[in-house]
Amino acid sequence: MKNNLTESPSWKLLENHFQGIKNTSLRTLFSGDDTRGSSLSLEKEGIFFDYSKHRVVRETLDLLFQLARERGLHDKIEAMFTGAKINITEKRAVLHTALRAPKGSVIMADGVNVVPLVHEVLERMAGFAATIRQGEWKGFTGKTIRNIVNIGIGGSDLGPVMAFEALKFYVQQDMTFRFVSNIDGNDFSEAVKELHPEETLFIVSSKTFTTLETMTNARTARKWLLDELVDEAAVARHFVAVSTNAKEVSAFGIDPRNMFGFWDWVGGRYSMDSAIGLSTMIAIGPEHFYAMLDGFHRMDDHFRTAPFNENIPVIMALLGIWYIDFFGAQTQAVLPYDNYLKRFPAYLQQLTMESNGKHVTLDGVTTDYQTGSVYWGEPGTNGQHSFYQMIHQGTLLIPCDFIGFRTSLNPLPLHQDYLVANMIAQGEALAFGKTAAEVRKEGVPEELVPHKVFEGNRPSSTFFMEKLTPANLGKLVAMYEHAVYVQGVIWGVNPFDQMGVELGKVLSMKIIPELQDKQRPINHDSSTNNLIRYYRD
Ligand code: F6P
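Residues numbered from 1 in each chain as written. Predicted model: local features only at pLDDT ≥ 70, side-chain atom pairs only at ≥ 80, totals over all residues. Heavy atoms only, no water.

Caption draft 1: Representation of the layout of surface pockets in the model. Approximately 910 Å³ is the volume attributed to the largest pocket. Thr-211, Glu-354, Gln-498, Val-501 and Lys-505 are, among the 38 residues lining the largest pocket, the residues nearest its centre. Taken together, the elements giving at least two residues each to the lining of the largest pocket come down to α9 (212-229), α15 (344-356) and α21 (502-516). Take the lining of the largest pocket: its biggest share by element is 5 residues, from α21. Here the second largest pocket defines a volume of roughly 410 Å³. Lining the second largest pocket are 17 residues; nearest its centre among them are Asn-339, Ser-408, His-415, Gln-416 and Leu-419. (1 Å grid on protein atoms, 1.4 Å probe; cavity = no way out; pocket = protein on both sides within 12 Å on 5 of 7 lines; lining within 4 Å. Points joined across faces, edges and corners; volume = space filled by probe spheres on them. Helix = DSSP H or I, 4+ residues; strand = E, 2+ residues; numbered from the N terminus.)

Encoded structure:
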């Protein structure tokens, strides 16, 4: 069966259009249009989005919007917001937007208004967070809990860690927060170093409560606690769970009254604003957490209601398609010019790559086009002294997202001006480069001229906001969430399952006993057998 994307009228038009524009430089585009900077930028929900440094003209964007219409994007957005079972492989609705819907809204899933359920959990979380923050939650021996350790992996870790780092400025100072995800024992051991069990609370975060890494770390945590406190009854004061699986939570020994639930319509990588955000709420306080939810919600509203040509997630997603499927770009750099966002690229890796890293469409057809992109990045200016060389002068085309803020949370003299100047300069240098004539004019010796030329024509978006607040973080995350969905719709894949992670998990369960029992016969390929023998010997 042929997939219909590349056969669609707008795709064909885009292919033709690409041939005409692919060699046009940003220098030419800007010099031919003085208004380009303002006509290809917009400000919505406090995000100034400059997309003028992209290799597009108005016609490109119009064709991309036409493509989106042909793919039924408008209806697909509505389907998501109204609880249709768009995650068809798992027969589930996709309602992370309900997690931040204001009290009183109505969003139905399977005939139930889920908004009151969301707020009930949020209120329990807020009550619990307040108890902990005020030092009222006592450990088994009566000591105040001062250390929070979140145990989780993937969506049950990356969101909480990213948000904790991003919002560190707002974190209650007299508490310690640690995050354990890896099954590597080094992770747990380092996380609990210097922590005292009597003052430590573990949040076991797992949608399924069956994930090998999380359950292994949780059992190790229980042993670490009981080695000191001995009495099993201590577990109830030192463990809470965040999960959709009440049965497994109580089988683990956690009092169901200490469980914060969420629902199967929240995907792991879309869950940082559900109860999975419990550690975030304890860290920054309920008020800031609610402000973050409000930011998410404002971006949801923008995405749902703005016309495509004023819709930030839609435009950024379509630009991504333009580079991935027409220019053949394979990666997307995310470059936050705010050190607090240092884990943001890692967070986006799961969000984008676990969502759209699929080569089969919803109809089960293998795509004849590229889907997904490798997301990566580091905060500026650190990246500038590392991999930016390749973005400027390498042979790969690497579209960049610059993310910056006007006001620093820690306004030290000079720093912010220098930081922002660097961000703006990078976009300018990437777009316009430096010609051989310009290099020569500087008196550079002829043999060095080719080395000092910057081709330019390297595209970037800039997202500029006032300040890194909880609300603005919510907007940023929702913006990427929705861009991922738009791309999934265009490519016709399911951004909400993750079947590709299963095979490795299954094989590891077979290999575990083979490593533990040296006599056990092994029957893999010759490479895998060798690796198992090397470990056993
Ligand atoms: O292995 C992938 C995955 O299923 C992710 O999608 C998910 O975020 C992570 O594992 C953790 O799952 P859980 O929250 O069920 O422990």
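Caption draft 2: Highlighting the sheet that holds strand β1 (residues 41-44). Pairing within the open sheet is mixed, and its 6 strands lie in the order β1-β2-β13-β12-β10-β11. Only two strands of the sheet have a single neighbouring strand rather than two, namely β1 and β11 (374-376). Each strand axis lies, on average, 15° off the axis of its neighbour in the sheet, ignoring direction. Two strands pair when backbone bridges link them, and strand β12 (residues 400-405) and strand β13 (residues 460-465) are joined in this way by 6 bridges, in the parallel orientation. When the sheet's bridge partners are listed, Asp-401 is paired in β13 with Ser-461. Its contacts with the sheet place helix α17 (residues 415-432) against β12 and β13, and it is angled at close to 155° to β12. (Pairing = 2+ DSSP bridges. Axes fitted to C-alpha atoms, helices over the stretch in contact; angles between N-to-C directions. Contact = heavy atoms within 4.5 Å.)

Caption draft 3: The arrangement of the packing of aromatic side chains in detail. Following the criterion strictly, the structure yields 32 aromatic pairs and no others. Judged by centre distance (5.0 Å) and plane angle (35°), the ring pair of Phe-49 and Tyr-51 falls under tilted. Relative accessible area serves as the criterion here: at 0%, Phe-49 is assigned to the buried category. For Tyr-51, a relative accessible area of 2% gives the class buried. Geometrically, the ring pair formed by Phe-128 and Trp-137 is edge-to-face, given 4.9 Å between the ring centres and 75° between the ring planes. Overall, the relative accessible area of 7% leaves Phe-128 in the buried class. We classify Trp-137 as buried; its relative accessible area is 11%. Here the aromatic cluster, defined as three or more aromatic residues joined through ring pairs, consists of Trp-11, Phe-18, Trp-322, Tyr-323, Phe-326, Phe-327 and Tyr-369. A cation sits over an aromatic face here: Arg-36 above Phe-30, 5.2 Å from the ring centre. Over the aromatic face of Phe-252 sits the side chain of Arg-222, whose NZ or CZ is 4.4 Å from the ring centroid. (Phe/Tyr/Trp six-rings, centres within 6.5 Å; stacked < 30°, edge-to-face > 60°. Buried < 20%, exposed > 50% of the residue type's maximum accessible area, 1.4 Å probe, protein only. Lys NZ or Arg CZ within 6 Å of the ring centre and 35° of its normal.)

Caption draft 4: Main features of the environment of Asn-410. Of note, Asn-410 is situated in the loop between β12 and α17. Counting along the chain gives 241 residues from Asn-410 to Phe-169, while the straight-line C-alpha distance between them is 8.7 Å. Filtering out sequence-adjacent residues up to four positions away, Asn-410 remains in contact with Phe-169 and Tyr-340. For Asn-410, the side chain forms a polar contact with the side chain of Tyr-340, separated by 2.9 Å. (Polar contact = N/O pair within 3.5 Å; in protein donor to acceptor, adjacent residues only side chain to side chain.)

Caption draft 5: Representation of the site of the ligand. Near the ligand you find 14 residues, and of these Ser-156, Ser-206, Lys-207, Thr-208 and Thr-211 are the closest. Here an oxygen atom of the ligand and a side-chain polar atom of Ser-156 are 2.6 Å apart. Between the ligand and Lys-505 there is a distance of 3.2 Å, counted from an oxygen atom to a side-chain nitrogen or oxygen. Look at the ligand: alone it shows 390 Å² of surface, and the protein chains cover 88% of it. A molecule is said to occupy a pocket when more than half its atoms come within 2 Å of that pocket's grid points, and by this definition the ligand occupies the largest pocket. Here the residues of the shell around the ligand sort into 2 nonpolar, 9 polar and 3 charged. (Near = heavy atom within 4 Å. Areas by Shrake-Rupley, 256 points an atom, 1.4 Å probe, with all protein chains shown as cover. Sits in = over half its atoms within 2 Å of the grid points. Nonpolar A, V, L, I, M, F, W, Y, C, P; charged D, E, K, R; others polar.)

Caption draft 6: Region of the structure containing unusual backbone geometry. In this model, Gly-380 is joined to Thr-381 through a cis peptide bond whose omega is 5°. Within the secondary structure layout, Thr-381 lies in the loop between β11 and α16 (388-393). Look at Asp-110: it is not a glycine, yet its phi comes out positive at around 50°. Locating Asp-110 in the fold gives a position in the loop between β3 (108-109) and β4 (112-113). Here Val-230, not a glycine, exhibits a phi torsion of approximately 65°, which is positive. Checked against the element boundaries, Val-230 lands in the loop between α9 and α10 (235-238).

Caption draft 7: Spatial organisation of helix α13 (residues 286-305). The end-to-end C-alpha separation of α13 is 28 Å, in line with the 28 Å expected for 20 residues at 1.5 Å each. The complete set of buried residues in α13 reads Pro-286, Phe-289, Met-292, Leu-293, Gly-295, Phe-296, His-297, Met-299, Asp-300, His-302 and Phe-303. (Expected span 1.5 Å × (residues − 1).)

Caption draft 8: Up close: the pattern of salt bridges. Overall, the coordinates contain 26 salt bridges when judged by the stated rule. Of the charged contacts, one joins Arg-100 and Asp-300 as a salt bridge, the two residues approaching to 2.8 Å between their closest N and O atoms. One end of the pair, Arg-100, is in the loop between α5 (73-81) and β3; the other, Asp-300, is in helix α13, with 200 residues separating them in the sequence. Considered together, Arg-100 and Asp-300 belong to a single accessibility category, that of buried residues. Measuring nitrogen to oxygen at the nearest pair gives 3.0 Å for the salt bridge that ties Glu-442 to Lys-434. Residues joined in a network through salt bridges with shared partners are Arg-100, Asp-273, Asp-300 and Glu-481. (Salt bridge = Lys/Arg side-chain N within 4 Å of Asp/Glu carboxyl O.)

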